[in-house]
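As a plain string of letters, each chain reads:
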Number of protein chains: 4
Amino acid sequence: MRPSSSSSESSSEGLFDGVLSRGGVRETVDDRAWLRAMLDVEAAIARAESRAGLVSAEVAEAIVRACDADAFDVAAIGSAAADGGNPVIPLVRELTKAVGGEAARHVHQGATSQDVLDTAAMLVVRRALEPLLADLAAAADASAGLADAHRATLIAGRTLLQHALPTTFGLKAAGWMDMLDRARDRLARARSESLAVQFGGAAGTLASLGGDGVSVVALLAEDLGLAAPDIPWHTDRTRIADVAASLGAAAGVAGKIAGDVVLLAQTEVGEVREGTPGRGGSSTMPQKNNPIAAVSAVACARQAPGLVATLLASMQQEHERAAGAWHAEWRPFSELLRSTGSAAAWLRDCLEHLEVFAARMRANLDLTGGMLMAERVSGALAPALGRLAAHETVEAAAAKAFAEGRSFEDVLGSTPEVIDHLDAGRIASLLDPAGYLGSAEAFVDLALKRHTERGAP
Amino acid sequence: MRPSSSSSESSSEGLFDGVLSRGGVRETVDDRAWLRAMLDVEAAIARAESRAGLVSAEVAEAIVRACDADAFDVAAIGSAAADGGNPVIPLVRELTKAVGGEAARHVHQGATSQDVLDTAAMLVVRRALEPLLADLAAAADASAGLADAHRATLIAGRTLLQHALPTTFGLKAAGWMDMLDRARDRLARARSESLAVQFGGAAGTLASLGGDGVSVVALLAEDLGLAAPDIPWHTDRTRIADVAASLGAAAGVAGKIAGDVVLLAQTEVGEVREGTPGRGGSSTMPQKNNPIAAVSAVACARQAPGLVATLLASMQQEHERAAGAWHAEWRPFSELLRSTGSAAAWLRDCLEHLEVFAARMRANLDLTGGMLMAERVSGALAPALGRLAAHETVEAAAAKAFAEGRSFEDVLGSTPEVIDHLDAGRIASLLDPAGYLGSAEAFVDLALKRHTERGAP
Amino acid sequence: MRPSSSSSESSSEGLFDGVLSRGGVRETVDDRAWLRAMLDVEAAIARAESRAGLVSAEVAEAIVRACDADAFDVAAIGSAAADGGNPVIPLVRELTKAVGGEAARHVHQGATSQDVLDTAAMLVVRRALEPLLADLAAAADASAGLADAHRATLIAGRTLLQHALPTTFGLKAAGWMDMLDRARDRLARARSESLAVQFGGAAGTLASLGGDGVSVVALLAEDLGLAAPDIPWHTDRTRIADVAASLGAAAGVAGKIAGDVVLLAQTEVGEVREGTPGRGGSSTMPQKNNPIAAVSAVACARQAPGLVATLLASMQQEHERAAGAWHAEWRPFSELLRSTGSAAAWLRDCLEHLEVFAARMRANLDLTGGMLMAERVSGALAPALGRLAAHETVEAAAAKAFAEGRSFEDVLGSTPEVIDHLDAGRIASLLDPAGYLGSAEAFVDLALKRHTERGAP
Amino acid sequence: MRPSSSSSESSSEGLFDGVLSRGGVRETVDDRAWLRAMLDVEAAIARAESRAGLVSAEVAEAIVRACDADAFDVAAIGSAAADGGNPVIPLVRELTKAVGGEAARHVHQGATSQDVLDTAAMLVVRRALEPLLADLAAAADASAGLADAHRATLIAGRTLLQHALPTTFGLKAAGWMDMLDRARDRLARARSESLAVQFGGAAGTLASLGGDGVSVVALLAEDLGLAAPDIPWHTDRTRIADVAASLGAAAGVAGKIAGDVVLLAQTEVGEVREGTPGRGGSSTMPQKNNPIAAVSAVACARQAPGLVATLLASMQQEHERAAGAWHAEWRPFSELLRSTGSAAAWLRDCLEHLEVFAARMRANLDLTGGMLMAERVSGALAPALGRLAAHETVEAAAAKAFAEGRSFEDVLGSTPEVIDHLDAGRIASLLDPAGYLGSAEAFVDLALKRHTERGAP
């Protein structure tokens, strides 16, 4: 068993990547993808400068032709990056060689390394957001399906992990859907507003382009489908921060939902199970059915806060180019895209295959013998007993039921202050959780309507 | 010297607050402000339920009348919070007592503690953003003033803290302005889109309001001027994350600009100085003029990334109410508002009083004897010598100037390969940084135009 | 109900402090405590310089006498800190006034503000660690009690929140104890190795003390019971980092254990309950018994990672005094001490009042009808059936039991391949979790022995 | 130019690794190294169980023989990890196949996946610390060399980046040395105290080993040269936290020193330069000499705080195995080792090649015309004029010198109140910074002595 030829230089096939790199996002953020994006930028610069009349069409064509990512050696460029402090320097050197002839001296014209790397980062983000948003949308759709199907499925509402009041699994799933949609909206917004060309040359003046800088920026932006900034943003990292923050929020949402699934899948709770065939088993413990997708989503989501913090801290960039803080962004930015994308992919997988056990939800709800309806019984007794006495009567009944291991209904039915005012049928009806759901269904409807209106990302 | 009576319970007058709590934001996030916001929510619930016909106008009035923050003891409520796990429980107890009579049993009707605290948080954010956005806007205006006044003021463009190419102080200041405006936009956006009422009762169903929940939510939102969510968001923390991320970015921007000021104010650089009278001196070292405002802005800004990380990590909230992660938000959220607001206030102070020494900027630019124009000289020789030979010739001249401590112009003027093609006048002209500014002024114009269009926050 | 006079300037009585500030640590880190520590340092400097012969005994006495924290106004000093950038400057000014006369000019002699604040921080840490270590030790002792009492109490071992194999609650509690002890050890180590005097003057040379600097440092260290560093450490923050990291680890341990309690206390699990009277109830839901102490411990513990990150990021301090990064430490450092101390205090409270329901543990263990003993049954069949066939047979039986809702024992007892080799008694015996505990008790013994040897912190 | 065959699966040859992965640490933490460590653990388990009499020597030998990392496909195992949630599951499957025969069924005997991965992590740490500690030691030695050589080299002491008082470059370098040594000590301590075998089986009881568990743990620890824990530590992450925190502090130290170098190398300061040939140049700006090693060290060091925060937050691990928090450690732990190791390697490179320009240090010191000696002049005048009048006189002279652009000495020499008491020679002598260095040299001596005593890591 030898390493296969497909074990390429990409970091997306490492030992932990089965768990931590998942879904379409992996190929959009690996080293090859970054290299491709950088070359796309170099090609676009050549085209834009040709349209601006700064280089001839032939020169631009020769440069564009050479910007073929497959023709470059990622490892060699990465290694050579050490001497100049970034990978663009050796890439431009190799690209210049590959272009050759007269055109060679127009490679990278007017640009500084950071122009290429920052603009490439924008392209990487845009490409990574495609599968990422698709996975979030699919997870939201799966949640919508659960919300619709289970709008009347009773489940215990749990606060501080204690039964509080009844709710529906539909409302729970609608909440998941809504937060996924909100996370998508934020990311889509960041995509449409924060992705801009970077082009300013060494000091942000585009000095070597004379008076043509502004128009080249506009042409470059048009060519790449990115916004044209009013001013170079080498040390204004608000765009990076905006994307990072939106990713962090999306990861947070994925982690929250996956965490709920893990809790619902506990052996003692057993209300859901991941149904993906062939996953989650144990070679030694045949009874196990681990919620691997949810666990992995949690693992990926947990990477985000620290990475966002690193990126926010890296906003402290000196003067016209930072002495380290810019370089410090590269890895966490890629990693944040990958982790968030992986969390979304795992969550989608989890939700699309989720088995829901409504009977177990109901059985768990009944575990306390109706005790979580105590608030309602108390309310029904209040007009007769007074609010305080009613509360104390019900509280005592609950304590008695707990202490004696009896059903709450049974204790209530043998409490004089209660049966003086409520007959057995009324008690049973008050203890029926299905009658105490308030606006649960209305909320589900509102949320589903909004989800439908939102449409695709 | 005794503690004055004004040393109230507020945490905003602590030992480190002269440095770390600054500007109008402090009073909007202290404990008294939180208490006021909670009572505003309780009052609004009463009014909304009255409009929905759930309680009488008299009951609502009685409750509203009792919601007077000055009548409650912050410390006592804070201390009593320990037993139930949040301050709303003792607050409602005290409020119920204060209301008294029949109306007392309608206090907090249908609500859960988190409804009150989360909605109060939204009010706190809205109130804190007023001074915060005003300070950011003032800092942007001050930057705009500098950008306009110094559009032709030459300064060394510095990359990795080394002289790179000439630029203008105006372009630098325009960059500050633009990133401040972007940070304001993000915060204003978060304000308009992420601030929503929270109202769902214990399990998010508003069960105790029967079928009236949705309409009460709408009335409550209208009353408070907040959005009405489609669904309760107790464990969907995307709103908190959005505000937090926007604050984190604003802090990052403040820190970046303040950091630039600190660097420009270095004894060896001396290009700017904070001119606020009576500040920055030293009792023992009379020569000192510390850039206190910039240093303090940096100190405040540095709080943000860790706080944002805590808030993002706290998105992992279980089921219908988190067992700790919600409670974990309270302090960092307040602290992030305060720190970012303080960074903005310090930065405004710094920029509004910034003294700019254009002559020193020019002198520093000339420190290397024109060496940072080497790129341009090389370009001028290229047609005659060929690109490579031109580069090597100029590089050698630069090295020689450095090694021999001579001016670059002088060395160029005595290098045969140079003077064969460029006369002394041409060399001097090539070494003139004012002629090599590319699009600097155009960028300033674009950015100033955008700033003007943006207007107030 | 008016604010009581005890609502002093201390930040430890804020609205959220019932939950987030707990235990003896609160008073050791509030603003008054910091002020006291700073004055203790000023007094010690006077004494040390007197012993070194630099000032007279009378001068030292006059200064020491004036260093009375109650005589200073925290809020006024905090507020005045804005002009010079730290609170030591106004404190020294006020102290100088209070001393008066000839002695006044020897106040703060040779020191710089950071000397006083950093050394004060060391005193604050030492004082805060007393209650903090005591609470951790008490929590460890409570765990030890549980470990000893429950060394034979069966409980499901849970991996990924799924039943895996049986273990004992004693082993679980011994694990808690051991990690608490390890956290204590680390903190005690940081206390003994990282707390050192800071004394270097403005540039770290103690220039104004002539040749006496080194000996004053030694005398000052002796006076305060702190280590004497070889060299001033103004911008070497390894000491701060060491304390911070040790606190972060202790918070992590507290959060882990509290999290386990929250999970064990879930309504569906019900294996433990917090037994503190009068806490955790709900005014509207009488059935609730929220694990408030555990939840609050989690909330406090979750503050730590972000605060540690801020402190580690603040190690980037420029030259002889940082332009912001030092100031950025003050609040997170206090906050980290308080949060970790509060987590420890809550955890101690939780564990000292923990009610353990062994019968419920056993009932939960039996929930799967012995299925978590599948591994063992498979092992018993392997010699007869071969390993693979044995595994498949048992796996099929487990699946059948799950699908048909039958007990695992029952299915095994009706599976031909099983009963050919194992009779009913042998099956029952194999399914008995008490017989499959491996080294559980041995581990408990080893850990308890180590705990005893460790003794007090 | 095609990808070379050496572009293997290792993540250590990516596009950004020239900057962000440096020194010997890279190969110790890549995927291949992790695989090797896991196999080392599997082999050690076989050997230990053989010594304990649980398997025959032949079986152990067969297993050990198959534990050859080169025989396994990292990418395939990584990819297959998705189904079970960790890479050990597919690794054990492949290893079992590779062993074959009777011995195959003893592979991984008694162990759970986390046993292997956690123990492998300990081996990875130990291996990574070798080059890391060596690089830190070399950086400390280089600093010691600078401290010794420059004990009398005057330099401006800078606080808040302003000239404060004179100091020596030797004292500055001694400070660097001392903090590097402290960071080394902490890491060496973590290595000797926190690296322990993990071996507990699925629930931490080692049930399948019957009563032999404890002795196998001891034998395994002996075999691997790691400590034997009293109790399995699957969800006690204090060991990971201790290593992480020590790495975070080391990164912080590296970043601090590298930051100082960047500041000293500024064009306007010019007191040091990185002398590594062939690095730091610019293809377009021949005058540039970027401090690439220092900048890269800063970039690497900046990764640490966020990674440490992620690891501390991951201490919240549920019951006997975490549902995500354990998996969340893998990547940040590797990344933290790599980043810190790279920061150390870059810093070593920087310091070992640092060119020091003592004349420029002196020239910068003189920039303010002796003004940073004002404190001393004031002290000399105090006996005659009184302290306050002396201070005001000197302050006025400093202000006048600044305002009129004159030398401080010159202004003092024409100020009546001064020359009444100090003649020109005395003024000159007071303004001589060499006479105002206090304990600088004594501190250097103390620190160098300690460095020598510390010896190798």
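Residues numbered from 1 in each chain as written. Chains lettered and ligands numbered in written order. Predicted model: local features only at pLDDT ≥ 70, side-chain atom pairs only at ≥ 80, totals over all residues. Heavy atoms only, no water.

## Digging into the overall build of chain A
What counts is decided by this rule: A run of H or I in DSSP counts as a helix once it spans at least four residues, and a run of E counts as a strand once it spans at least two, with each numbered from the N terminus. The atom set for the radius of gyration is the C-alpha atoms, and the globule formula is 2.2 Å times the number of residues raised to the power 0.38. Buried, partly exposed and exposed residues are distinguished by accessible area as a fraction of the type maximum, computed with a 1.4 Å probe on protein chains only: under 20%, between the cut-offs, and over 50%, respectively. We call two residues in contact when some of their heavy atoms are within 4.5 Å. The method behind every accessible area is Shrake-Rupley, applied with a 1.4 Å probe, and residues are considered shielded solely by the protein chains displayed. In this tally, Lys and Arg are treated as positive and Asp and Glu as negative; His is ignored, and so are the chain termini. The atoms used to mark charge sites are NZ of Lys, CZ of Arg, CG of Asp and CD of Glu.
If you tally the helices and strands in chain A, you get 20 helices and four strands. Relative to the 2.2 N^0.38 estimate, which gives 23 Å for 457 residues, the radius of gyration of chain A is 30 Å and therefore markedly larger than a compact globule would have. For chain A, the spread of C-alpha atoms along the principal axes amounts to about 100 × 55 × 35 Å. Residues classed as buried in chain A amount to 68% of the 457 residues present. A separation threshold of at least 6 residues defines the contact pool for chain A, and within that pool the share at least 24 residues apart is 76%. Total accessible area on chain A stands at roughly 13,300 Å², and carbon and sulfur atoms take up 50% of it. Counting 42 positive and 58 negative side-chain charges, chain A places the centres of these two groups 2 Å from one another.

## Considerations on the relation of the copies chain A and chain B
Put simply, the rule reads: When the copies are overlaid, the least-squares fit takes in C-alpha atoms only where the residue has pLDDT of at least 70 in both copies.
The transform that puts chain A on chain B rotates by 180 degrees and translates by 0.0 Å along the axis, for an RMSD of 0.0 Å. Each copy turns onto its partner about a two-fold axis.

## Here we look at helix 7 (residues 113-149) of chain A
The following threshold applies: Each helix should span, by expectation, one fewer than its residue count multiplied by 1.5 Å.
Between its terminal C-alpha atoms helix 7 of chain A stretches 54 Å, which fits the 54 Å expected from 37 residues at 1.5 Å a residue. Here helix 7 of chain A lies mainly inside the structure; 29 of its 37 residues are buried.

## Section: the interface of chain A and chain C
Test applied: Accessible-area loss on putting two parts together, using a 1.4 Å probe and summing over both, is the definition of buried area adopted here. Any carboxyl oxygen of Asp or Glu that lies within 4 Å of a side-chain nitrogen of Lys or Arg is treated as forming a salt bridge with it. We call two N or O atoms a polar contact when they sit within 3.5 Å, provided that within protein one can donate a hydrogen and the other can accept it, with sequence-adjacent residues counted only if both atoms are side-chain atoms. Gly falls in the polar group here, along with every residue not listed as nonpolar (Ala, Val, Leu, Ile, Met, Phe, Trp, Tyr, Cys, Pro) or charged (Asp, Glu, Lys, Arg).
The partner chain C presents 40 residues to the 40 residues of chain A that form the contact. Taken over both partners, the interface formed by chain A and chain C buries close to 3,300 Å², and the fraction arising from carbon and sulfur atoms is 60%. The interface formed by chain A and chain C includes two salt bridges. Among the ionic pairs, E268 of chain A bridges to R158 of chain C, the shortest N-O distance being 2.7 Å. The interface formed by chain A and chain C includes nine residue pairs in polar contact (both at pLDDT 80 or more). The set of elements that each furnish at least two residues to the side of chain A that touches chain C consists of strand 1 (154-159), strand 2 (162-168), helix 10 (238-264), helix 11 (292-301), helix 15 (374-385) and helix 16 (387-404) of chain A. Of the residues contributing to the side of chain A that touches chain C, the split by class is 19 nonpolar, 14 polar and seven charged.

## Topic: the environment of R32 of chain A
Assignment of secondary structure puts R32 of chain A in helix 3 (residues 31-51). A relative accessible area of 13% places R32 of chain A in the buried class.

## Observations regarding the packing of aromatic side chains
This is how it is decided: Pairing of aromatic side chains here covers Phe, Tyr and the six-membered ring of Trp, requires ring centres within 6.5 Å, and sorts the geometry by plane angle: under 30 degrees stacked, over 60 edge-to-face, intermediate tilted.
Summed over all chains, the structure comprises 16 aromatic pairs over all chains. Centroid distance W326 of chain B to W330 of chain B: 5.1 Å. Interplanar angle 90 degrees. Geometry classified as edge-to-face. Like W330 of chain B, W326 of chain B is buried. Taken together, F16 of chain A together with W34, W326 and W330 of chain D form an aromatic cluster joined through their ring pairs.

## A short note on the interface of chain A and chain B
Facing 80 residues of chain A, the contacting portion of chain B comprises 80 residues. Of the roughly 6,800 Å² buried between chain A and chain B, counting both surfaces, carbon and sulfur atoms make up 61%. Along the contact surface separating chain A from chain B lie eight salt bridges. R189 of chain A is paired through a salt bridge with E193 of chain B; the nearest N and O atoms lie 3.1 Å apart. At the boundary of chain A with chain B, the tally comes to 34 residue pairs in polar contact (both at pLDDT 80 or more). Listed by contribution, the elements that provide at least two residues to the side of chain A that touches chain B are strand 1, strand 2, helix 8 (169-194), helix 9 (213-224), helix 10, helix 12 (304-313) and helix 20 (440-454) of chain A. Per-element accounting of the side of chain A that touches chain B gives the leading share, 15 residues, to helix 10 of chain A. Broken down by class, the residue content of the side of chain A that touches chain B amounts to 40 nonpolar, 21 polar and 19 charged.

## Structural notes on the pairing of strand 2 (residues 162-168) of chain B
The condition that has to hold: DSSP bridges decide pairing: two strands pair if at least two such bridges lie between them.
Along strand 2 of chain B, seven of the seven residues are buried, which leaves the element largely enclosed by surrounding structure. Following strand 1 (residues 154-159) of chain B, the chain reverses through two residues before pairing antiparallel with strand 2 of chain B; L160 of chain B in that reversal takes a positive phi of roughly 55 degrees.

## A short note on the pattern of salt bridges
The full count for this structure, using the stated rule, is 140 salt bridges over all chains. Notably, a salt bridge pairs R450 of chain B with D230 of chain A, separated by 2.7 Å at the nearest N-O pair. Of this pair, R450 of chain B sits in helix 20 (residues 440-454) while D230 of chain A sits in the loop between helix 9 and helix 10, each in a different chain. Note that R237 of chain C and D118 of chain C form a salt bridge whose closest N and O atoms lie 2.9 Å from each other. Placement of the pair is R237 of chain C in the loop between helix 9 (213-224) and helix 10 (238-264) and D118 of chain C in helix 7 (residues 113-149), with a sequence separation of 119 residues.

## Here we look at the relation of the copies chain A and chain C
Overlaying chain A on chain C yields an RMSD of 0.0 Å, the required transformation being a rotation through 180 degrees with an accompanying axial translation of 0.0 Å. Of all interface residues in chain A, 100% are interface residues in chain C too; the two copies therefore contact each other through one and the same surface.

## What about the side chain of H234 of chain B?
Residue and element names in this part refer to chain B. Locating H234 in the fold gives a position in the loop between helix 9 (213-224) and helix 10 (238-264). When its relative accessible area of 5% is taken as the criterion, H234 is described as buried. Here H234 is in contact with T112, Q114, D115, Q198, G200, G201, G204, Q317, E320 and R321, once residues within four sequence places are set aside.

## So, the packing of helix 3 (residues 31-51) of chain B against helix 4 (residues 57-66) of chain B
Residues and elements named next belong to chain B. As a reminder, the rule being used: Axes here refer to lines fitted to C-alpha atoms; in helices the fit is confined to the stretch in contact. Angles between the N-to-C directions go from 0 to 180 degrees. Each angle receives one of four descriptions, namely roughly parallel if under 35 degrees, roughly antiparallel if over 145, roughly perpendicular if within 65 to 115, and oblique otherwise.
The interhelical angle for the contact between helix 3 and helix 4, taken along N-to-C directions, is 170 degrees, at an axis separation of 9 Å. One element, helix 3, and the other, helix 4, form an angle in the roughly antiparallel class. Counting all contacts with helix 3, which are made through E42, A43, A46, R47 and S50, the residues of helix 4 involved are A57, A60, I63 and V64. Of the residues in the contact of helix 3 with helix 4, the class split is six nonpolar, one polar and two charged.

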